[in-house]
2 protein chains.
Amino acid sequence: MRVVFIGAGNVATHLAQSIDQTHDVVQVYSRHIQNAFALTNLLKQAAATDNLQEIFPNADIYIVSVKDDVISQIVNEINFTSGLWVHTSGSVSIDVLSAKFERCGVVYPLQTLSRNVDVNMSEVPFFIEGIDEDTEKLLVEVAKSLSETVYIANSLQRSKLHVAAVFGCNFVNYLWAQADEILKTAGYNFEILLPLIKVTLDKAYKVSPIEGQTGPARRGDFRIMQFHEEMLSNDDAKLYRILSQGIMKKYNIDYEQD
Amino acid sequence: MRVVFIGAGNVATHLAQSIDQTHDVVQVYSRHIQNAFALTNLLKQAAATDNLQEIFPNADIYIVSVKDDVISQIVNEINFTSGLWVHTSGSVSIDVLSAKFERCGVVYPLQTLSRNVDVNMSEVPFFIEGIDEDTEKLLVEVAKSLSETVYIANSLQRSKLHVAAVFGCNFVNYLWAQADEILKTAGYNFEILLPLIKVTLDKAYKVSPIEGQTGPARRGDFRIMQFHEEMLSNDDAKLYRILSQGIMKKYNIDYEQD
């Protein structure tokens, strides 16, 4: 299949290289031509352009992998409606494409992709939406040529996946950053927490995070919670209290009790 | 060495079994005699008691492994002052012991220990404090017979380790629980997030959580953040906003900007 990439960022760079192994990426658009060239240099034989009017109209699949709020702008500027158009965003509905293109869909890789960090694409879960059954089947096939785990997800499911990933990964990483800062004030490195994090993840996975919850809030240990809040910066203390209150509410532990 | 355990909970159960392999646990106290027996059944040859006045006064080490706020109460009721007395708490100062016992210290295993879940003790980091150099050396030796990673930590360092562990593990687990709930409303299981969590942890460990931060707040993507908050329950939306604000503040992204 002949594939055109619109966008040359982190997701596009990983996806294009993967797809180029079993299909043919024939063109890469970026509004910065040097970014387009940076990606075509990694591909078998693709043209680079920074002009949307020069997009080849005869490709099989067009993959729009740009910032969420730029997708509709790009769609507006395309001057033909042939081909299968897909985007790769977690939180943008298929509607932004179906308003213009008869054949369209979404290919959402649930992974944090940095241009310069290798990722084993076969382990990345892909979530597929197609405007009709044939399109969905085709996109599932393409995704299965990239990854071992391919799911169907409509636009609502996909946006829930995205917000779950923000909680389970982006926010989690922020808590690790705060833990790292606290550890540094005691002369320790983040790696000192790794064994505990690994067991926590293992328990969350094998049992469930709800059953695996431990710690002062889960026990309702108010003395420790107060002691901890007093040790922390204002912002961290506020966060500590809100997270502890959330845990206590979840397990019906009364904050007034003691 | 002859070791007495005061307490028969999660930490005591794991520690006592480990120590019993290279030393002799001779007695276990619990205020519920059946808990003391449950632990002595797992040991080579230890007596069980529910009476603090029956604690053997001629042991080498007494390990007080009970709830934080019960430690001082127990210390008060002991009617002799010989032996090396240690507790196993992250957030209790050595002072609670040094007020009464000449030789005392702390042996703090940084791990979530559940009675019925096996833990490879050799991978658990231990943090040691001794009231004097000789005591510290002795406790480090004991800890090294249990684990490959043994550190020195004074009471302040230990309490910082504990609060870092609350952020990096207890609170992280709570965010995973919230992610799990959101995923379930979309028909998915928590395991769908595992590849993304593993890469996030890997990046946090190899680079640093501060450099590895990604997501809508890190990008300052207000459209997505607003969209996500609208999808969430009131409590989760509040948490989403506070965590996003924390991330934006950390990376100097202005919330008013757009």
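Residues numbered from 1 in each chain as written. Chains lettered and ligands numbered in written order. Predicted model: local features only at pLDDT ≥ 70, side-chain atom pairs only at ≥ 80, totals over all residues. Heavy atoms only, no water.

### Structural notes on the pairing of strand S4 (residues 61-64) of chain A
Each regular strand displays side chains that alternate between the two surfaces of the sheet. All names here are of chain A. Of the two faces of S4, the one lined by Ile61 and Ile63 and the one lined by Tyr62 and Val64 are each fully buried. Alignment of strand S1 (residues 2-6) against S4, held across four bridges, turns out to be parallel. Each bridged residue has a counterpart across the sheet, and for Val3 the counterpart in S4 is Ile61. Examined bridge by bridge, S4 and strand S5 (residues 84-87) share four bridges and lie parallel to one another. Counted as the bridge partner of Tyr62 is Trp85 from S5. On the question of chirality, the crossover connecting S4 to the parallel S5 by way of helix H3 (residues 71-77) is right-handed. (Buried < 20%, exposed > 50% of the residue type's maximum accessible area, 1.4 Å probe, protein only. Helix = DSSP H or I, 4+ residues; strand = E, 2+ residues; numbered from the N terminus. Pairing = 2+ DSSP bridges. Right-handed = clockwise from strand over helix to strand, strands pointing away.)

### Quick word on the pairing of strand S2 (residues 24-29) of chain A
All names here are of chain A. When you tally the buried positions in S2, you get five out of six residues, the bulk of the element. Pairing of S1 with S2 involves five bridges; the strand directions are parallel. Among the inter-strand pairings, Phe5 is bridged to a residue of S2, identified as Val28. Regarding the hand of the β-α-β motif, the stretch spanning S1, helix H1 (residues 10-22) and S2 is right-handed. In this region the chain leaves S2, passes through helix H2 (residues 33-40) and returns to the parallel neighbour strand S3 (residues 47-49); the handedness of that crossover is right-handed.

### What to know about helix H10 (residues 222-231) of chain B
Owing to its 3.6 residues per turn, the α-helix aligns residues three or four sequence positions apart on the same side. Those residues of H10(B) not exposed but buried are Phe222(B), Ile224(B), Met225(B), His228(B) and Glu229(B). End-on view of H10(B): buried residues confined to an arc of 160 degrees, all on one side of the axis. Summarising the geometry of H10(B), the exposed residues directed more than 90 degrees from the buried face are Gln226(B) and Glu230(B). Turning to H10(B), the residues buried within the fold contact helix H6 (155-185) of chain A together with helix H9 (216-219) and helix H11 (234-250) of chain B. (Arc of directions from axis to C-beta. Contact = heavy atoms within 4.5 Å.)

### Overview of the sheet that holds strand S5 (residues 84-87) of chain B
Consider a sheet: its strands pair through backbone hydrogen bonds, and that pairing is either parallel or antiparallel. Residues and elements named next belong to chain B. The strand order S3-S2-S1-S4-S5-S6-S7-S8 describes an open sheet built from eight strands, whose pairing is mixed. Two strands lie at the open edges of the sheet, namely strand S3 (47-49) and strand S8 (150-152), each paired on one side alone. Pairwise comparison of adjacent strand axes, ignoring direction, gives a mean angle of 25 degrees for this sheet. Those strands touched by helix H2 (residues 33-40) are strand S2 (24-29) and S3, and its axis lies near 165 degrees from that of S3. Here helix H6 (residues 155-185) sits on the sheet in contact with S5, strand S6 (103-109), strand S7 (126-130) and S8, set at roughly 20 degrees to S6. (Axes fitted to C-alpha atoms, helices over the stretch in contact; angles between N-to-C directions.)

### Here's the deal with the interface of chain B and chain A
Note on interface size: it is often stated as the accessible area lost on association of the parts. Contacts between the two partners involve 82 residues from chain B and, on the opposite side, 82 residues from chain A. Across the interface of chain B and chain A, roughly 8100 Å² is buried in total on both sides, 72% from carbon and sulfur atoms. Counting the surface chain B buries against chain A, the share from its top three residues, Phe167(B), Phe171(B) and Leu201(B), is 8%. On inspection of chain B and its partner chain A, the count reaches six salt bridges. Across the pair Glu181(B) and Lys250(A) runs a salt bridge, and its minimum N-O distance is 2.7 Å. One can count 30 residue pairs in polar contact (both at pLDDT 80 or more) joining chain B with chain A. Of all the secondary-structure elements, those providing two or more residues to the side of chain B that touches chain A are S8, H6, helix H7 (194-206), helix H8 (209-212), H10 and H11 of chain B. (Buried area = accessible area lost by both parts, 1.4 Å probe. Salt bridge = Lys/Arg side-chain N within 4 Å of Asp/Glu carboxyl O. Polar contact = N/O pair within 3.5 Å; in protein donor to acceptor, adjacent residues only side chain to side chain.)

### Observations regarding the packing of aromatic side chains
Going through the model one piece at a time under the given rule, you end up with 24 aromatic pairs over all chains. Between Tyr188(A) and Tyr151(B), the ring centres sit 6.2 Å apart and the planes meet at 80 degrees, which makes this aromatic pair edge-to-face. Taken together, the residues Tyr188(A) in the loop between H6 and helix H7 (194-206) and Tyr151(B) in strand S8 connect one chain to another. Judged by relative accessible area, which is 30%, Tyr151(B) ranks as partly exposed. Judged by centre distance (4.3 Å) and plane angle (5 degrees), the ring pair of Trp85(B) and Phe101(B) falls under stacked. Of this pair, Trp85(B) sits in strand S5 while Phe101(B) sits in the loop between helix H4 (95-98) and S6, and the two are 16 residues apart along the sequence. Put simply, the rings of Tyr62(A), Phe80(A), Trp85(A) and Phe101(A) touch in pairs and so form one group of aromatic residues. (Phe/Tyr/Trp six-rings, centres within 6.5 Å; stacked < 30°, edge-to-face > 60°.)

### A word on the pattern of salt bridges
What the rule picks out here adds up to 18 salt bridges over all chains. With its nearest N and O atoms 3.8 Å apart, the salt bridge here joins Asp68(B) to Arg223(A). Within this pair, whereas Asp68(B) is found in the loop between strand S4 (61-64) and helix H3 (71-77), its partner Arg223(A) is found in helix H10 (residues 222-231), the two belonging to separate chains. Overall, Arg223(A) belongs to the partly exposed group, its relative accessible area being 38%. Residues Glu229(B) and Arg241(B) are paired through a salt bridge, measuring 2.9 Å at the closest nitrogen-oxygen approach. A residue pair is termed long-range when its members are at least 10 positions apart, and Glu229(B) in helix H10 and Arg241(B) in helix H11 qualify at twelve residues. Its relative accessible area of 15% is what places Glu229(B) among the buried residues. Using a relative accessible area of 36% as the deciding quantity, one classes Arg241(B) as partly exposed.

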